[in-house]
Amino acid sequence: MTPTSRLPLPPSLYADTAVEATPTPPLTTDKSVPVAIIGGGFTGLSTALHLAEQGVLATVLEAQEPGWGASGNNGGQTNPGLKHDPDQIEQDFGADLGRRMIDFSYGTTNFTHDLIRRYQIPCEARQNGTLRAAYNEASAAAIETTAQQCIRRGMPVKLLDAAEMRAMTGSDRYLCAMLDARGGDLHPLSYARGLARAAIGAGVAVHGETPALSLRRDGGRWRIETPRAVVHADKVLLATNGFTDDLWPALRRTIVPVFSSIAATAPLSDEVARAIMPSRPVLYESGHITVYYRIDQHNRLLMGGRGPMRWISKPTDVAYLIRYAERLWPQLKGVSWTHGWNSRLAITADHYPHVHAPAENLLISLGCNGRGVALSTAMGAQLARRLIGGAKAEIDMPVTGIKPIPMHAFWRVGVTTAVLTGRVRDKLGV
């Protein structure tokens, strides 16, 4: 086995402004642990923290550093719910599990912000609401349906009309939106580092530059080889999401690792910033190809959406996002855009998060489908419950079998086609 070196963080605004990282040295000596967690993003760190709260001290193995992947490089939005509407969730999973999935998923933002307050994590967290916005009739009808289903269940959501949206966003682009008061935003890399600091403070061992090279049974336990040492664990959680490889058979072929890109401006003037989302909710558009944005606490506009299916390093790599921002707010023309970056998130075929238990004392969680900040945080408590209690421990998400996506080898072609088709459909309003 040969050592690895830590890759630099993607060239993001977050990398330049995050709180200092807590040291997470590589694992250099063999160890025996009750739980090993592979992946140091939100899912792995939150699970480790919730295990520690119950007296189980896990070891986290991270290939780079906590937050290096999509956890530290996303849009920073804490959005409630799943991709599918509540009625669809109940139809897919039945009244009991479906209701629990709805209650859990729409409660993930409160869970996350409560956790941030409890551990005093400095990550610029705010809970100013989420806008799901429509700019054509088809998406407006879909949003009205979602809002009605949420209101029927007593959720704190409100349907806004075009005039209200002009006041909320400073743009005449939108026909309507659903405002969910539970949504918000944060600095994701600072949050990832804060989660790591909280977990370490609770007794968790977090090792960066420690990729898992192999995973297999060794007697009644699990054996994980890393570049410098071997870990023997009673139980294992695999939480690699958009960076899932072939560590477990066929798992990589159950998700599509889609790149999501972000461009950020320099701090805007107070006058311009007040004209764009003055009450500071976050927004994501309801369409075939999602665009999302927010104004951070330093008056920077962060615009995100689908970009090239490759790594990027500068704002001109996603010039279409800049053009779209100028379409929404013409006063942005001439504004300096300082950063452009991306990372890989995991999309599943059914757009539900996937939890698998393919072998005894092995748990897998992946596929947040673009809602990872709050969802993966709250999943940490669910996964900790399952790791401690075993198969008898009921959680609020289904545990399913591993089902590879057909024709997975052609995912890049499929994603490119879907993006182009989606943009045409959005323009046509169908």
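1. A few points about the packing of aromatic side chains
Consideration 1: Throughout the structure, instances matching the rule amount to 9 aromatic pairs.
Consideration 2: Ring centres of tryptophan 68 and phenylalanine 243 lie 5.8 Å apart, and the angle between their planes is 65 degrees; on these two criteria the pair is classed as edge-to-face. One end of the pair, tryptophan 68, is in the loop between strand 2 (59–61) and strand 3 (77–78); the other, phenylalanine 243, is in the loop between strand 11 (230–238) and strand 12 (255–265), and 175 residues separate them in sequence.
Consideration 3: By relative accessible area, which is 25% here, phenylalanine 243 ends up partly exposed.
Consideration 4: Among the aromatic residues, ring-to-ring pairing joins Trp68, Phe243, Phe259 and Trp311 into one connected group.
Consideration 5: Lying across the ring of tyrosine 135, arginine 173 places its NZ or CZ 4.0 Å from the centre.

2. Regarding the nonpolar core
Side chains that are nonpolar tend, in soluble globular proteins, to be buried together.
Consideration 1: By size, the foremost hydrophobic cluster in this structure holds 54 residues, and its most contacted members are Ile37, Tyr191 and Leu195.
Consideration 2: Those elements that provide at least two residues to this core are strand 1 (31–38), helix 2 (42–53), helix 4 (95–106), helix 5 (108–118), helix 6 (137–152), strand 6 (176–180), helix 8 (188–201) and helix 11 (372–389).
Consideration 3: No other element matches the 7 residues that helix 11 contributes to this core.
Consideration 4: Those residues within four positions of isoleucine 37 in sequence are excluded, and the remaining contacts are Gly44, Thr47, Ala48, Leu51, Ala58, Thr59, Val60, Leu61 and Leu237.
Consideration 5: In terms of nonpolar packing, the next biggest core, distinct from the first, is built from 31 residues, Tyr135, Met168, Ile295 and Val318 among them.

3. Considerations on unusual backbone geometry
When glycine is set aside, most residues are seen to have a negative phi, and most peptide bonds are trans.
Consideration 1: We note that alanine 250 has phi near 70 degrees; this positive angle belongs to a residue other than glycine.
Consideration 2: Here the phi dihedral of asparagine 361 falls at roughly 65 degrees; this positive angle occurs in a residue that is not glycine.

4. Structural notes on empty space enclosed by the protein
Consideration 1: This model, assessed by the stated rule, comprises 4 cavities of 30 Å³ or more.
Consideration 2: Taken as a whole, the largest cavity encloses approximately 110 Å³ of empty space.
Consideration 3: Surrounding the largest cavity, 14 residues form its lining, Pro80, Tyr106, Arg132, Met178 and Tyr284 being those nearest its centre.
Consideration 4: Elements with a minimum of two residues in the lining of the largest cavity: strand 4 (130–134) and strand 6.
Consideration 5: For the lining of the largest cavity, the residue count by class is 5 nonpolar, 4 polar and 5 charged.
Consideration 6: The wall of the second largest cavity is formed by Leu13, Tyr14, Thr17, Glu124, His187, Arg294, Asp296, Arg300 and Leu302.

5. Section: the state of the cysteines
Consideration 1: Enumeration according to the criterion identifies 0 disulfides in this entry.
Consideration 2: Residue cysteine 123 stays outside any disulfide, its sulfur separated by 17 Å from that of cysteine 368, the closest cysteine.
Consideration 3: Taking the relative accessible area as the measure of exposure, cysteine 368 reaches 13% and is therefore buried.

6. Topic: the environment of aspartate 185
Consideration 1: The topology assignment puts aspartate 185 in strand 7 (residues 184–185).
Consideration 2: Classification of aspartate 185 by relative accessible area gives buried; the value is 2%.
Consideration 3: In sequence terms aspartate 185 and alanine 374 are 189 residues apart; their C-alpha atoms lie 9.7 Å from each other.
Consideration 4: Not counting residues within four places of it along the chain, the set of residues in contact with aspartate 185 comprises Gly76, Gln77, Thr78, His113, Glu124, Ala125, Arg126, Val282, Arg294 and Ile295.
Consideration 5: A distance of 2.6 Å separates the side chain of aspartate 185 from the side chain of arginine 126, its partner in a polar contact.
Consideration 6: There is a polar contact of 2.9 Å between the side chain of aspartate 185 and the side chain of arginine 294.

7. Examining the pattern of salt bridges
Consideration 1: Applying the stated criterion to the full structure yields 22 salt bridges.
Consideration 2: Salt bridges here are not isolated pairs; linked through shared partners, they connect Asp96, Arg99, Arg100, Asp103, Glu394 and Asp396.

8. Let's talk about the sheet that holds strand 5 (residues 157–160)
Consideration 1: Taken together, the 8 strands give an open sheet; going across it, the order is 5-6-4-13-14-15-12-16, and neighbouring strands pair in mixed fashion. Looking at strand neighbours, the two that pair on one side only are strand 5 and strand 16 (337–348), the edges of this open sheet. Each strand of the sheet is rotated relative to its neighbour by a mean of 20 degrees, with strand direction disregarded.
Consideration 2: One ladder, built from 2 bridges, connects strand 13 (residues 282–285) with strand 14 (residues 291–295); its direction is antiparallel. Paired with leucine 283 across the strands is tyrosine 293, a residue of strand 14.

Definitions and limits used
Residues numbered from 1 in each chain as written. Predicted model: local features only at pLDDT ≥ 70, side-chain atom pairs only at ≥ 80, totals over all residues. Heavy atoms only, no water. Phe/Tyr/Trp six-rings, centres within 6.5 Å; stacked < 30°, edge-to-face > 60°. Helix = DSSP H or I, 4+ residues; strand = E, 2+ residues; numbered from the N terminus. Buried < 20%, exposed > 50% of the residue type's maximum accessible area, 1.4 Å probe, protein only. Lys NZ or Arg CZ within 6 Å of the ring centre and 35° of its normal. Core = buried A, V, L, I, M, F, W, Y, C linked by side-chain atoms within 4.5 Å. Contact = heavy atoms within 4.5 Å. 1 Å grid on protein atoms, 1.4 Å probe; cavity = no way out; pocket = protein on both sides within 12 Å on 5 of 7 lines; lining within 4 Å. Points joined across faces, edges and corners; volume = space filled by probe spheres on them. Nonpolar A, V, L, I, M, F, W, Y, C, P; charged D, E, K, R; others polar. Disulfide = S-S within 2.5 Å. Polar contact = N/O pair within 3.5 Å; in protein donor to acceptor, adjacent residues only side chain to side chain. Salt bridge = Lys/Arg side-chain N within 4 Å of Asp/Glu carboxyl O. Pairing = 2+ DSSP bridges. Axes fitted to C-alpha atoms, helices over the stretch in contact; angles between N-to-C directions.

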